[in-house]
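A look at the structure
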Amino acid sequence: MSGERRLRLGLVIGQLTYGGAESQLYELARGLAVHADVTVYCLSSATDPYGARLRAAGVRVVAIPALAKLDPTRVVRLARRLRADRIEVVHAFLFIGSAYAYLATRLARGIALVTSARNCKLEPSAVRRAVLGRAFRTSDAVICNSAEMGEFAVRNYGAPVDRIEVVYNGVDTDRFSGVEADTGRRVVGTIGRIEKQKNLGMFLAAAGEVLDRYPDARFEIVGEGSLRPQLESLATARGLGDAVTFRGTTADVPGFLGSLGQFWLTSDWEGTPNVVLEAMAAGLPVVATRVGGTPEVVDNGRTGVLVAAGAAGDCANAACSLWKQPERAAEISRAARSAAEQRFSLKAMIESTIAVYNRVLGRAVMTARSRTAEDQPLGIET
């Protein structure tokens, strides 16, 4: 409404490259821009592709890159920008965002701090763990993308139980409305950074077992990462040959998912995986490891199938079972799409985040009305 005072909100993140947290920040920022003056503070010069997308959506982006390998001035520069922009609430994403936002708000006092915990992985160094623990304990709220993630933050970082707020990731279901899943198609795919977390060695092992039963099956891996050469060599060594394709990155996620019959996620740890929500929105049966917040997203046997981490044989069996039972696969497809639309929409994610800000400030600073894909289509950049 006219005359409504707009909240001055700062979102802090380490980079704006392709990634789950980065895509969630983008969707949140453009959704909140209806009722808030939103500025995204990126703690590096790595702002492609989401920096341009944010600016196109009317969201201000400020890059505060490191000037040297170890650059403590970045904390001071962030604090100065927060003060100059009269930011009232800082919402930080991932380790670097939460750590720097915590330190900067100690200098620029009077700013509410909301940190976030998004991945059930312990930080590798004692210093990083100590800083993140301190950030959580001094936050006005800690947004976690699953209940399991909240328990992890409490258990490993001493985050206060009464400040944990569970806000599930949101997916733009409109992007997948035209995707018609063919659950009988013997093409399996996955999306993610090709790093240890995703355990694509399990993916390849399961693919090998499926090929013993379905020689016409094909497997597609989308993503890049340091382990790609190693995994390509592993696929060759296992004789998987032309059955496995490493496709690199893609901007057309709906198109890729529409080419599949199943989606697998073989991670050893997760928070709440966006790619699973996207696969569900596309109506794909999902076979995923029972890690992190994934069991809170995938209702085992109803909207997908869960298997133990590292259990390649169970993954292969689940996939083959779905092909052998086409009616069950079709039921899972319908239930998955419905769950994505009802429980994990962008609207639900944005409204839940607004509720956290209102509780932190002790007043209704924003209403739940927000700009989503229904008001402004995303478009896919290539």
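Anything mentioned here points back to the structure above.
Structure report, in brief. Because the structure is a prediction, the values reported are computed rather than measured. (Residues numbered from 1 in each chain as written. Predicted model: local features only at pLDDT ≥ 70, side-chain atom pairs only at ≥ 80, totals over all residues. Heavy atoms only, no water.)

1. A look at the packing of helix α4 (residues 94-107) against helix α5 (residues 126-138)
Interaxial distance between α4 and α5 falls to 9 Å at its minimum, and their mutual angle equals 60°. By the angle between their axes, α4 is oblique relative to α5. Seen from above, α4 lies across α5 with left-handed handedness. Touching F95, S98, A99, Y102 and R106 of α4 are R128, V131, L132, R134, A135 and T138, all from α5. (Axes fitted to C-alpha atoms, helices over the stretch in contact; angles between N-to-C directions. Helix = DSSP H or I, 4+ residues; strand = E, 2+ residues; numbered from the N terminus. Parallel < 35°, antiparallel > 145°, perpendicular 65-115°, else oblique. Left-handed = near helix turned anticlockwise from the far one by under 90°. Contact = heavy atoms within 4.5 Å.)

2. Let's talk about the packing of aromatic side chains
Across all of its chains, the model carries 9 aromatic pairs by this definition. Taking 6.3 Å as the distance between ring centres and 75° as the angle between the ring planes, the aromatic pair formed by Y18 and Y50 counts as edge-to-face. Residue Y18 is found in the loop between β1 (7-13) and α1 (20-32), and its partner Y50 is found in helix α2 (residues 50-56); the two are separated by 32 residues along the sequence. For Y18, a relative accessible area of 40% puts it in the partly exposed group. Classification of Y50 as buried rests on a relative accessible area of 7%. Between the NZ or CZ atom of R128 and the centre of the ring of F95, over which it lies, the distance is 3.9 Å. Over the face of the ring belonging to Y168 we find R343, whose NZ or CZ atom lies 5.9 Å from the ring centre. (Phe/Tyr/Trp six-rings, centres within 6.5 Å; stacked < 30°, edge-to-face > 60°. Buried < 20%, exposed > 50% of the residue type's maximum accessible area, 1.4 Å probe, protein only. Lys NZ or Arg CZ within 6 Å of the ring centre and 35° of its normal.)

Function-wise, these values are silent; they only describe arrangement.
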